[in-house]
Number of protein chains: 2
Amino acid sequence: MAMGRPRSFDTDKALDEAMEVFWRHGYDGASLAMLTKAMGIKPPSLYAAFGSKEGLLKAALDRYAERRSTHMRYVLAGATAREVAERFLTSIAESHTDPANPPGCLLVQGGLACGEGSENIPFELASRRAQSETELRERFAAAQRDGDLGASADPAALARFLSTVASGMGVLASSGADREALRDVARVSLGAFPGPDAAR
Amino acid sequence: MAMGRPRSFDTDKALDEAMEVFWRHGYDGASLAMLTKAMGIKPPSLYAAFGSKEGLLKAALDRYAERRSTHMRYVLAGATAREVAERFLTSIAESHTDPANPPGCLLVQGGLACGEGSENIPFELASRRAQSETELRERFAAAQRDGDLGASADPAALARFLSTVASGMGVLASSGADREALRDVARVSLGAFPGPDAAR
DNA sequence: ATACTTATCTACCACTCGATACAAAAATGG
DNA sequence: CCATTTTTGTATCGAGTGGTAGATAAGTAT
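All figures in this text were calculated on a predicted structure; none of them were measured in a lab. (Residues numbered from 1 in each chain as written. Chains lettered and ligands numbered in written order. Predicted model: local features only at pLDDT ≥ 70, side-chain atom pairs only at ≥ 80, totals over all residues. Heavy atoms only, no water.)

Colleague: Whenever I open this one, the overall build of chain A confuses me. Can you help?
Modeller: Each helix and strand in chain A was counted, giving nine helices and zero strands. Sequence-ordered secondary structure for chain A, helices as α and strands as β, is α-α-α-α-α-α-α-α-α. Seen through its principal axes, chain A has C-alpha atoms that stretch 65 × 45 × 30 Å. Counting every position in chain A, which comprises 200 residues, the buried fraction comes to 53%. Here the analysis covers contacts within chain A between residues at least 6 apart in sequence; of these, 67% occur between residues at least 24 apart. Accessible surface, chain A as shown: approximately 9,200 Å² in total, 52% of it carbon and sulfur. In chain A, the 24 positive side-chain charges and the 26 negative ones have mean positions that sit 3 Å from each other. (Helix = DSSP H or I, 4+ residues; strand = E, 2+ residues; numbered from the N terminus. Buried < 20%, exposed > 50% of the residue type's maximum accessible area, 1.4 Å probe, protein only. Contact = heavy atoms within 4.5 Å. Areas by Shrake-Rupley, 256 points an atom, 1.4 Å probe, with all protein chains shown as cover. Lys, Arg positive; Asp, Glu negative; His and termini not counted. Charge placed at Lys NZ, Arg CZ, Asp CG, Glu CD.)

See below:
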């Protein structure tokens, strides 16, 4: 069977460029002209590969999730619930101010509100944000069974708290806050985090 | 001297409608068609009254700030730093889930990232977010002088922490979280807040 | 080589964007 | 009344939007 003309661009490389544009300008703010220029391809190639602007975003989000899953594995591997929280917030302070990327978090910058015709974008981003919150919640529930998180603690509330602080740090970083400011927030936030029952 | 034809719409009422549109769709996502329809006026009237789309946003932000200054006065009037923090977070849990408004916070929803030609919008919103952080910081510094906030506490870091949690709660609310979820976040966050030195 | 399949490029589609020119309308001052 | 001033509605501007038609290029299979 004939294979056809091979693709002349690297899909992952192009996705990285698209990701950066969505990250910096949001879904609505990212025009096809900006995207195709950054990706180094023309509109028909984009549509053949990703179907639509929304499809391109989803592909970029998948790639973003891949990147973060490495971080998240490290975070969840913390020995105690407390250490997981610490790893979570400090790694976010680093990643959200990494000069290799636009400041903040793609899942926040991508678009909390959108215009007509892209109403489902905020939902898409929210569901992806919810994923790491779920991972944290399950990790904390396990920690509670293991005894390194007090029985009186609320795993769901703690996970939601950390996820909320993470979103807030995304907002903070996007407005130009430096790494030290985010570390401060992480440090103060950890003061809200309980240890095993004996410690509190 | 001739006075000219009187304006046929109420400026403040129109601004409230515009505010809601910006709140729900963000700056880029809010089209002139949506704005003029919501405001019940035609483009020339909009431009005569507010100069530009950006001018309209700024006018809406001014009105938003007016609304919030009442809340902020109540917050800052708390007897102790701890009480100020408590009032700040709980009032935000309420306001960000007030069914009378779009969910979340206009200063966050309005746009963290924008397209070409509106690059200064995120700055405008960030500077308005920074305002309440400054108010909190100054209040906490005063609390430290008064002795109801420990000498070892860092007023700037605490204010930044609260402001960050507030932004995070805005993100959380915009994705449909209910009031109880926001209250949980507020409650957990307050665990990070120190009292007078004796208490910790 | 020829057939077939797929990707790419040029050019363009219908539509929406923010913003405005212009004339009619509605007020006041004389 | 008329002159003046300002607002309003209609109708539209040029630019840019997301997306595509159609021809051409570049590969594989036979």
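Colleague: Teacher, can you tell me more about the UniProt feature "DNA-binding region" (unreviewed entry) in chain A here?
Modeller: Under the present numbering, the feature "DNA-binding region" (unreviewed entry) in UniProt falls on residues 31-50 of chain A. Secondary structure across residues 31-50 of chain A divides into 80% helix and 0% strand, with the first and last C-alpha atoms of the span separated by 15 Å. (UniProt positions renumbered as here; feature names shortened; annotations may be inferred.)

Colleague: Can you walk me through the interface of chain B and chain A in this structure?
Modeller: You'll often see interface size given as the accessible area lost when the parts meet. The interface of chain B with chain A comprises 38 residues on the first partner and 38 residues on the second. Carbon and sulfur atoms make up 67% of the area that chain B and chain A hide from each other, which totals about 2,900 Å². Put simply, chain B and chain A have two salt bridges between them. Its salt-bridge partner being Asp184(B), residue Arg160(A) comes within 2.8 Å of it at the nearest N-O pair. Linking chain B to chain A there are four residue pairs in polar contact (both at pLDDT 80 or more). At the level of secondary structure, the elements contributing two or more residues to the side of chain B that touches chain A comprise helix 1 (11-29), helix 6 (106-109), helix 7 (120-146), helix 8 (155-174) and helix 9 (179-190) of chain B. Tallying contributions element by element places helix 8 of chain B first for the side of chain B that touches chain A, with twelve residues. Across the side of chain B that touches chain A, the residue classes tally to 18 nonpolar, twelve polar and eight charged. (Buried area = accessible area lost by both parts, 1.4 Å probe. Salt bridge = Lys/Arg side-chain N within 4 Å of Asp/Glu carboxyl O. Polar contact = N/O pair within 3.5 Å; in protein donor to acceptor, adjacent residues only side chain to side chain. Nonpolar A, V, L, I, M, F, W, Y, C, P; charged D, E, K, R; others polar.)

Colleague: Please clarify how the pattern of salt bridges should be interpreted in this entry.
Modeller: Pairs can form between side chains of opposite charge whenever their charged atoms are close. Residues and elements named next belong to chain A. Scanning all chains against the criterion turns up 26 salt bridges over all chains. Linking Asp16 and Arg63 is a salt bridge whose minimum nitrogen-to-oxygen distance equals 2.7 Å. Of this pair, Asp16 sits in helix 1 (residues 11-29) while Arg63 sits in helix 4 (residues 53-76); the two residues are 47 residues apart in sequence, bridging distant segments of the chain. Three or more residues are tied together by salt bridges with common partners; here these are Asp12, Asp16, Arg63 and Arg67.

Colleague: Looking at this structure, how should I read the packing of aromatic side chains?
Modeller: A ring pair, where both rings are aromatic, is described by two values, the distance of the centres and the angle of the planes. This model, assessed by the stated rule, comprises six aromatic pairs over all chains. Considering the side-chain rings of Phe22(B) and Tyr27(B), the 5.9 Å spacing of their centres and the 15° angle between planes classify their relative orientation as stacked. As far as the burial class goes, Phe22(B) and Tyr27(B) line up, both buried. When the centroid spacing of 5.2 Å and the interplanar angle of 85° are considered together, the rings of Trp23(B) and Tyr64(B) count as edge-to-face. Of this pair, Trp23(B) sits in helix 1 while Tyr64(B) sits in helix 4 (residues 53-76), and the two are 41 residues apart along the sequence. When its relative accessible area of 5% is taken as the criterion, Tyr64(B) is described as buried. Its guanidinium or amino end placed over the ring of Tyr27(A), Lys53(A) lies 4.5 Å from that ring's centre, counting from NZ or CZ. (Phe/Tyr/Trp six-rings, centres within 6.5 Å; stacked < 30°, edge-to-face > 60°. Lys NZ or Arg CZ within 6 Å of the ring centre and 35° of its normal.)

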